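This is what each chain is made of:
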Amino acid sequence: MPASGNTGADPIGGTATSGSSGAGGRSTGDGGVAGLAAAAGGGNGGVGGGRSAEIAFSKLQLNAQFFSEGINVADLNNDQVLDIVTGPFWYAGPDFLRQRAFRQPATKPFDVKGDSDCYAVFSADFNADGWLDIVSLRALGGSEAVWYENPKTDVGYWTEHVAFSGVNDESAALVDIDGDGKPELATVSQGFGGFVKPAWGAVGTNWSFAKVTAQGAWGPFTHGIGAGDVNGDGREDLLLPEGWWEQPVTWTEQPWAEHPAKFWGKALPDESYGGAQMFAYDVDGDGDSDVVTSLQAHGWGLAWFEQQAGTFVEHTIMATRAEEAQYGVAFAQPHAVAVADIDGDGLKDIVTGKRKGAHGVGLGSELDAPAVLYWFKLVRTPGSLARFEPHLIDSVAGVGTQVVIADVDGDQRPDILTSARAGAFLFRSTQP
């Protein structure tokens, strides 16, 4: 388990039950490509704070076992209703009560002090047959991209295709980088940052990796990556903790222009640097893209980085336990982050939480702290710096390595999905 640089390794069914939760969200979640999480970019919005931030969620526990740290939504049975997929299981909407296995589950739930075999899960029609397939980032650190061919039936395991075995970033994201309407997998591989391009319609063909950076020190179990339009030219750029890489007019040109920046922190020197998913979004409404991310996946910190004439100034949203009073909350291990408009005020908020149980180096009593899940409301006040207000959603669910915001029930309000050591959960927004 490496503990230095940006290569800190992460060691490697049931019936849904309902409940209730505390404060939480409102607005339309962005399903993206085949139900991807709401992510970077989007309108700037106006001055926030027009609605009450005390938004309620109802809590549905899909299962109570540790089978996955990835979760997502997609219409898998072609009934025009979103379903939920997490680890080896999927749950048909709209009630999500029946659990089906699309691949062979582990013989028993994973040890909560260890790892799962699913770091993230996405969906797209990879074989172009009109039905959405599943791609899962499985194995230690999510290092294998495996896609499962939709059999167009509710029974039996789906045919498995190992597409790419060099996924070296634990926060890999499926995004449309080249603007052709089909997504690529943003990751690092063999020391390069880039994108894995699916072999659309070619069932037996391995996916290819396009390098867009020069070779760096990125190794297995890298933390932090994203894509977004940083410079406002309409093209998606690559974000890594060390900076951003500008997409040229022809995206296959290599390498992309590098713009160094420090989008990370290291409150725990024994842990690796880099956080989780990274987003480009105009936080302060001044017309350019800022960067939002957690700072240390197994340590502390959440921040937004204000773009000022091409440079970036860090603004802390949450820091260490010693600074809890200053920022209103403190929790370690923010290993999954999502961004979307939770309260319907036109501004994008942040959802993140504690990945309880992942690593133990230097965390001490934080290992026993609750597995919290929070949303952070973006507030813009004229004449003041934009800020994020923390609001507790739950103290049991926490996060794994992927948290998703999507309107699962079509009520024009964003819901939140997370899967970690306490099981898989859906938090439905219940705000009128």
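Computed from a predicted model, the values in this text were never measured in an experiment.

Overview of the nonpolar core
Generally speaking, soluble globular proteins have nonpolar side chains that are buried together.
Next up, step 1: Judged by nonpolar contacts, the single largest core of 21 residues is most densely connected at Val283, Ile350, Phe376 and Phe388.
Next up, step 2: Mapped onto this core, the elements with two or more residues apiece are strand 19 (277–281), strand 21 (302–308), strand 22 (311–318), strand 23 (337–340) and strand 25 (373–379).

Considering the pattern of salt bridges
Next up, step 1: Inspection of every chain in the model, using the stated rule, returns 20 salt bridges.
Next up, step 2: We note a salt bridge from Asp178 to Lys197, for which the minimum N-O separation is 2.8 Å. Of the two residues, Asp178 sits in the loop between strand 11 (173–175) and strand 12 (184–189) while Lys197 sits in strand 13 (residues 192–197), which places them 19 residues apart along the sequence.
Next up, step 3: Residue Asp178 is classed as partly exposed on the basis of its relative accessible area, which comes to 23%.
Next up, step 4: For the salt bridge of Arg321 with Glu324, the shortest nitrogen-to-oxygen distance reads 3.2 Å.
Next up, step 5: For Arg321, a relative accessible area of 34% corresponds to the partly exposed category.
Next up, step 6: Since its relative accessible area comes to 30%, Glu324 is described here as partly exposed.

What to know about the pairing of strand 16 (residues 237–240)
Next up, step 1: Here strand 16 shows no split at all, with Asp237 and Leu239 on one side and Leu238 and Leu240 on the other all buried.
Next up, step 2: Alignment of strand 15 (residues 225–228) against strand 16, held across 3 bridges, turns out to be antiparallel. Looking at the pairing, Gly226 lines up with Leu239 of strand 16.

Concerning the side chain of Asp290
Next up, step 1: Mapped onto the elements of the fold, Asp290 is located in strand 20 (residues 290–294).
Next up, step 2: One buried charged residue, Asp290, remains without a salt bridge, the closest side chain of opposite sign being Arg380 at 6.9 Å.
Next up, step 3: Within the structure, the side chain of Asp290 is placed 3.5 Å from the backbone nitrogen of Asp284, a separation counted as a polar contact.
Next up, step 4: The residues touching Asp290, leaving out its near neighbours within four places in the chain, are Phe279, Ala280, Tyr281, Asp282, Val283, Asp284, Trp304, Phe305, Glu306 and Gln307.

Focus: unusual backbone geometry
Next up, step 1: With omega at 10°, the peptide bond leading from Gly93 into Pro94 counts as cis.
Next up, step 2: Mapped onto the fold, Pro94 is located in the loop between strand 5 (89–91) and strand 6 (99–101).
Next up, step 3: Located in the positive-phi region is Asn78, a residue other than glycine, with phi close to 60°.
Next up, step 4: Here Asn78 lies in the loop between strand 3 (71–74) and strand 4 (83–86).
Next up, step 5: Here Asn78 falls in the partly exposed class, since its relative accessible area comes to 32%.

What counts, and where the lines are drawn
- Residues numbered from 1 in each chain as written.
- Predicted model: local features only at pLDDT ≥ 70, side-chain atom pairs only at ≥ 80, totals over all residues.
- Heavy atoms only, no water.
- Core = buried A, V, L, I, M, F, W, Y, C linked by side-chain atoms within 4.5 Å.
- Buried < 20%, exposed > 50% of the residue type's maximum accessible area, 1.4 Å probe, protein only.
- Helix = DSSP H or I, 4+ residues; strand = E, 2+ residues; numbered from the N terminus.
- Salt bridge = Lys/Arg side-chain N within 4 Å of Asp/Glu carboxyl O.
- Pairing = 2+ DSSP bridges.
- Lys, Arg positive; Asp, Glu negative; His and termini not counted.
- Polar contact = N/O pair within 3.5 Å; in protein donor to acceptor, adjacent residues only side chain to side chain.
- Contact = heavy atoms within 4.5 Å.

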